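# Structural characterization, general
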Amino acid sequence: MARRDGGAASSSGEFKGATTDDGGFRAGFAVLVGRPNAGKSTLTNALVGQKVAITSAKPQTTRHTIRGIVHRPDAQLVLVDTPGLHRPRTLLGQRLNDLVAETLSEVDAIGFCIPANERIGPGDRFIAAQLAAVGRKPIVAIVTKADLADRARVTEQLLAVTDLGREVLGGEGFSDIVPVSAQDGFQVETVADVLVGHMPPSPPLYPDGELTDEPEAVMVAELVREAALEGVRDELPHSLAVVVDEIVPREDRPEDNPLLDVRVNLFVERPSQKAIIIGRGGARLREVGSTARRGIEALLGTKIYLDLHVKVAKDWQRDPKQLGRLGF
Ligand SMILES: Nc1nc2c(ncn2[C@@H]2O[C@H](COP(=O)(O)OP(=O)(O)OP(=O)(O)O)[C@@H](O)[C@H]2O)c(=O)[nH]1
């Protein structure tokens with residue numbers, strides 16, 4: 001474990017408490033950005049305390065903006081989990097980046113996730129430059145995966161992140177720098193405190209207990225997507241789009257034992273990718289189906305029949321009409 005004595009470094013030298021001066025409530029929006037695999041989804045889940053965003057060992061899995069809501073007695077923090085900011089290579093990439101830019105302009109604070117165990121690279125610099133362009137927003141640097149680095153390495157990374165902030169943002173750089181491990185809970189509270197400190201005085205924005213405002217279909221699609229990408233090669237995440245066709249109650253079921261029919265289409269770009277998803281004799285698709293079904297049943301709280309169809313939609317990433325049809 002890296003730093004148990006952590007705490008947050010604030011450029012102004014003071015720690016910003018959660019409540020307003022008059023002890024009032026704070027509420028607002030924060031977004032976590034960072035390159036693919038930086039740990040954004042895992043941190044969102046740790047902050048919210050329940051699995052809402054979908055994590056995966058493969059980059060680029062968070063295609064939709066998913067909000068998790070941190071409810072506290074003194075504050076409400078609405079977290080938006082974006083896809084990784086990255087250089088646009090395809091039309092889809094451009095649309096994702098537009099989505100990110102739009103999201104950034106609407107939030108009260110930005111959490112910039114940088115893994116403790118990897119050197120700062122061109123991807124991080126690119127994102128930092130994008131953030132600098134957003135203007136005067138509090139940007140909190142969050143050094144993630146602190147459990148994967150020893151104490152000396154975490155310290156070194158905190159210094160490197162400080163330098164990056166001063167260099168790219170100018171002045172004092174990042175408003176705060178916080179090391180965290182979402183995996184073992186180290187400093188997750190501190191990240192929440194620091195982000196809440198940047199929220200404006202406001203009554204709660206959402207009713208208590210609400211964890212996400214994503215439509216169920218999007219979360220169902222994400223669960224299928226996560227299952228389909230489990231253990232596959234790097235090229236597939238970009239080439240897979242999952243669209244829920246329908247979720248309908250099966251007729252003639254007893255009231256105390258309902259069943260939902262969930263029909264989902266998986267679009268890939270090439271027949272070879274279709275073969276990967278389906279597997280020999282359909283074995284892999286069956287596995288994807290049963291993994292996704294368990295998640296969807298837990299999400300919807302009812303038994304489902306999951307019907308998966310894999311289709312080839314050639315170059316769907318580059319074709320605006322296809323993108324529209326796929327819901328992007
Ligand atoms: N050891 C350790 N692993 C972590 C931690 N946070 C995330 N990970 C792992 O890092 C990988 C990527 O984490 P995600 O949370 O999916 O990363 P992301 O930034 O949301 O990734 P994209 O959706 O691709 O943008 C997963 O395998 C996580 O289990 C952490 O605090 N400690």
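Since the model is a prediction, treat every value here as computed from it, not as a measurement. (Residues numbered from 1 in each chain as written. Predicted model: local features only at pLDDT ≥ 70, side-chain atom pairs only at ≥ 80, totals over all residues.)

## Concerning the sheet that holds strand 9 (residues 259-268)
Rule in force here: When DSSP locates at least two bridges between a pair of strands, those strands are taken to pair. Per the convention used, a helix needs a DSSP run of H or I reaching at least four residues, while a strand needs a run of E reaching at least two, with both numbered from the N terminus. Fitted lines through C-alpha atoms serve as axes, helices being fitted only where they are in contact, and the angles separating the N-to-C directions of these axes extend from 0 to 180 degrees. Each residue is represented by a C-beta atom placed from its backbone, and any two residues with such atoms within 7 Å are regarded as in contact.
Overall, mixed pairing links the 3 strands, which are arranged 8-9-10 in an open sheet. Looking at the sheet topology across the chains shown, the edges are occupied by strand 8 (241-249) and strand 10 (303-312). Each adjacent strand pair in this sheet contributes to an overall mean axis angle of 20°, direction not counted. Alignment of strand 9 against strand 10, held across 10 bridges, turns out to be parallel. What sits directly across from Leu266, in strand 10, is Val310. Its contacts with the sheet put helix 8 (residues 271-278) on strand 9 and strand 10, and the angle it makes with strand 10 is roughly 155°.

## Quick look at the nonpolar core
Heads up, the condition is: The term nonpolar core refers to a group of buried residues, namely Ala, Val, Leu, Ile, Met, Phe, Trp, Tyr and Cys, whose C-beta atoms join them within 7 Å. Here a residue counts as buried when 20 or more other C-beta atoms fall within 10 Å of its C-beta, as exposed when 12 or fewer do, and as partly exposed in between; the C-beta atoms come from the backbone.
Of all hydrophobic cores here, the largest spans 50 residues; its most connected members are Phe112, Val140, Ala141, Ile142 and Val143. At 6 residues, strand 2 (residues 26-33) tops the list of elements feeding residues into this core. Ranked by size, the runner-up nonpolar core spans 24 residues in total, among them Val264, Val288, Ile296 and Leu308.

## Remarks on the packing of helix 6 (residues 216-229) against helix 9 (residues 283-300)
Rules: By definition in this entry, angles of less than 35 degrees are roughly parallel, angles greater than 145 are roughly antiparallel, angles of 65 to 115 are roughly perpendicular, and the rest are oblique. Here is the rule for handedness: rotate from the far helix to the near one, and if that takes an anticlockwise turn smaller than a right angle the crossing is left-handed, while a clockwise turn gives right-handed.
Two numbers describe how helix 6 lies on helix 9: the axes approach to 8 Å, and their chain directions differ by 150°. In terms of their interaxial angle, helix 6 and helix 9 are classed as roughly antiparallel. Here helix 6 runs over helix 9; the crossing is right-handed. In this structure, helix 6 uses Glu216, Met219, Val220, Leu223, Val224, Ala227 and Ala228 to contact helix 9, whose residues at the interface are Val288, Thr291, Ala292, Gly295, Ile296, Leu299 and Leu300.

## A word on the environment of Val243
Structurally, Val243 is set in strand 8. Val243 sits in the partly exposed class, given 18 other C-beta atoms within 10 Å. As for Val243 and Arg263, which are separated by 20 residues in sequence, their C-alpha atoms are 8.9 Å apart.

## Details of the confidence of the model for the protein chain
For clarity, the threshold we go by: You can read pLDDT as the predictor saying how much it trusts each residue, on a scale of 0 to 100.
Scored by pLDDT, the protein chain has a mean of 79; 73% of the residues are at 70 or more. Confidence drops under a pLDDT of 50 for residues 1-20, and excluding neighbours within four residues, the segment shows 48 contacts in the predicted structure. Segment residues 51-64: pLDDT under 50, and 48 contacts once partners within four positions in sequence are set aside and those in other chains are kept. Confidence estimates for the predicted assembly give a pTM of 0.61 and an ipTM of 0.98.

## Brief notes about the pairing of strand 6 (residues 139-144)
Within a regular strand, the side chains alternate between the two sheet faces. So the rule is basically this: Crossovers are described as right-handed under a simple rule: with the strands pointing away from the observer, the path leading from the first strand over the helix to the second runs clockwise.
Of all 6 residues in strand 6, 6 are buried, a share of seventy percent or more. The side-chain alternation of strand 6 yields two buried faces, one formed by Ile139, Ala141 and Val143 and the other by Val140, Ile142 and Thr144. Across 6 bridges, the pairing between strand 5 (residues 109-115) and strand 6 is parallel. Bridged to Gly111 within strand 6 is Val140. What joins strand 5 to strand 6 is helix 3 (residues 122-134), and the crossover it makes is right-handed. Bridge analysis of strand 6 against strand 7 (residues 176-179) gives 4 bridges, and the strand direction is parallel. When the sheet's bridge partners are listed, Ile142 is paired in strand 7 with Val178.

## Let's talk about the pairing of strand 7
Both faces of strand 7 are covered, namely the face carrying Asp176 and Val178 and the face carrying Ile177 and Pro179. On the question of chirality, the crossover connecting strand 6 to the parallel strand 7 by way of helix 4 (residues 151-169) is right-handed.

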